[in-house]
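# Structural features, examined
Below, each chain spelled out in residue letters.
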Amino acid sequence: MIGLISATAAGEAARDRLAAAWPDRVRVYEGPVGEAVRAAFAECGQLVCFLATGAVVRLLAPLLGGKAADPGVVCVDEAGRFAVSLVGGHAGGANELARAVGEVLGAEPVVTTATDAVGLAGLDTLGLPCEGSVAVVSRALLDGEPVALEKEVPWPLPPLPVSPQGSYTVRLTDRDVAPGEREVLLRPPTLVVGVGASRGAPVEEVLGLVEGALRDAGLSPRSVAELATVDAKSEEPGLVAAAERLGVPLVTYPAGELAAIEVPHPSAAPLAAVGTPSVAEAAALARGGELLVPKRKSAMATCAVVRRPGRGRLAVVGLGPGARDLLTPRAAAELRRASVLVGLDQYVDQIRDLLRPGTQVLESGLGAEEERARTAVAEARRGHAVALIGSGDAGVYAMASPALAEAGDDIDVVGVPGVTAALAAAAVLGAPLGHDHVSLSLSDLHTPWEVIERRVRAAAEADIVVTFYNPRSRGRDWQLPKALAILAEHREPGTPVGVVRNASRADEAGRVTTLAALDPATVDMMTVVTVGNTATRIVAGRMVTPRGYRWQSGTREEAR
């Protein structure tokens, strides 16, 4: 919960705007400011104070206990110009909160944390428990000193400017080891503990068995991702309480699913009791992995430990049509998250400044789409966090199709939508896509012209607005005239046609003409051509397709 505190009418106005935007995330604290801050500090994970920074500092000073426990605090000035991350920038999430508040209020986020200032991912912001000399190793990264990354287990980390060797170390490990003097240990959630229990097994016995198994195997409890068991034990108090104390979920599986898993130590007892010859080992192995600790028993419980390596992550990211303000916040976040970026060289140049230090860039030229897709999938399979970029929306005539055709279920795939060229061009032209519409590529490099022509003819006969991608190049100059001729068989010469070149970019040029007047020679590969249907009209120089044909007869379609 985010506590909101204000003292003046101007502060209350900004506070209320934030409360309206986040109704389920915030709580407004009224009354004397000092009492409100103390109450919010004790009860909330984060605070936004609409007060002067000096006043907030004085109010917070007696309350601060330590960076690991203090809530994140953001201070917003009376005029709503700045959202200052004041306390708990990393651990308390104040840096991200300042950015989020800035988006809602139109304020400039002010973040002074050293790593954030240079775009470096903070070691304590990676979403993994960390131990050791975080400040010392972070300073080494900031100063450009060689810091080695040792991955004892694969895990998709964001980019870090690391070296093969160094006097400082970031070690990714699930082993129960102590950090060195110049070392940070990152604890990935790689361990799954399968558990079984007799009815009424006490939580202390379950926890003792689990902790003993981890300790004897030299494994860190901070890398436990979940406890796993059979469905029949989903409400067993000792297991539920053990998961709560470890701070992990209790995941359950049907007995039939567990019974099909091959384990080294099956038993007749659980088969008779719950319908599977193994609970602990089978539940731990249910999603694959390496069995590190075979079944162990206590009087009333069993457990087994499996290492499940982190899955690589492939984000297929649409960059939009070119303008930076049409790049979505989600796309920008994925670019910052990726340790490996794969893309066409000219697209990489568009967003290179958004990449964090340490990002590995694998770029190539035109015509290597399938190679880029294979490269991105291969890097994800190595356990990296990968972003594969394309213009517009990556799923529209872009990289998502070849990448997903290559990817299996052994990696996580995330699609990040982008503004397509058709939509960017439509916004320039007016409202040409107000009714049913279709996008067609006129490039016959990968699709036979016979197939393209059949689709153009179908769209023409169905009276659907058509947007042509890849309409004309120096080597393909007859396809667009042919397609327009097919449309002309079904539409009047005066049918509006929109032509937009470099939509959303600095040299954007758009015009509205007609089917008869369009000169194909004025069109190139950077152009999108949109041909209206029989209801499309030119209104005040803009291309407009009505939402329904009734509009043309003088009645308005009911607003939806």
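Just above, that's the structure.
Overview of the structure.

Calculation criteria
- Residues numbered from 1 in each chain as written.
- Predicted model: local features only at pLDDT ≥ 70, side-chain atom pairs only at ≥ 80, totals over all residues.
- Heavy atoms only, no water.
- Salt bridge = Lys/Arg side-chain N within 4 Å of Asp/Glu carboxyl O.
- Helix = DSSP H or I, 4+ residues; strand = E, 2+ residues; numbered from the N terminus.
- Buried < 20%, exposed > 50% of the residue type's maximum accessible area, 1.4 Å probe, protein only.
- Contact = heavy atoms within 4.5 Å.
- Polar contact = N/O pair within 3.5 Å; in protein donor to acceptor, adjacent residues only side chain to side chain.
- Pairing = 2+ DSSP bridges.
- Axes fitted to C-alpha atoms, helices over the stretch in contact; angles between N-to-C directions.

## What about the pattern of salt bridges?
Pairs can form between side chains of opposite charge once their charged atoms are near each other. Counted according to the given criterion, the structure contains 28 salt bridges. A salt bridge links Arg222 to Glu131, with the nearest nitrogen and oxygen atoms 3.3 Å apart. Here the residue Arg222 occupies a position in the loop between helix H7 (203-217) and strand E12 (224-230), and Glu131 occupies one in strand E7 (residues 130-132), the gap between them amounting to 91 residues. Judged by relative accessible area, which is 42%, Arg222 ranks as partly exposed. One salt bridge in this structure joins Arg171 and Glu152, with 3.1 Å as the shortest N-O distance. Of this pair, Arg171 sits in strand E9 (residues 168-172) while Glu152 is found in the loop between strand E8 (147-151) and E9, placing the two residues 19 residues apart along the sequence. Relative accessible area serves as the criterion here: at 11%, Arg171 is assigned to the buried category. Through salt bridges that share partners, Glu152, Arg171, Arg175 and Glu183 make up one connected network.

## Quick look at the environment of Glu183
Along the chain, Glu183 turns up in strand E10 (residues 183-186). Discounting residues that sit within four places of it in the chain, Glu183 has contacts with Glu131, Gly132, Ser133, Val137, Thr169, Arg171 and Ala178. For Glu183, the side chain forms a polar contact with the side chain of Arg171, separated by 2.9 Å.

## Topic: the sheet that holds strand E23 (residues 465-469)
The five strands are arranged E22-E23-E26-E24-E25 in an open sheet whose pairing can be described as mixed. Whereas interior strands pair on both sides, the edge strands pair on one side only; in this sheet they are strand E22 (437-441) and strand E25 (509-514). Direction aside, the axes of adjacent strands within the sheet are offset by 20 degrees on average. Relative to E25, strand E24 (residues 496-501) runs antiparallel, the two being bridged by six bridges. The residue of E25 that forms the bridge with Arg501 is Ala509. Set on the sheet, helix H17 (residues 449-461) makes contact with E22 and E23; between it and E22 the angle comes to about 160 degrees. Of the strands in this sheet, E23 and strand E26 (527-531) are in contact with helix H18 (residues 479-488), which crosses E23 at around 175 degrees.

Nothing here speaks to function; it is all geometry.
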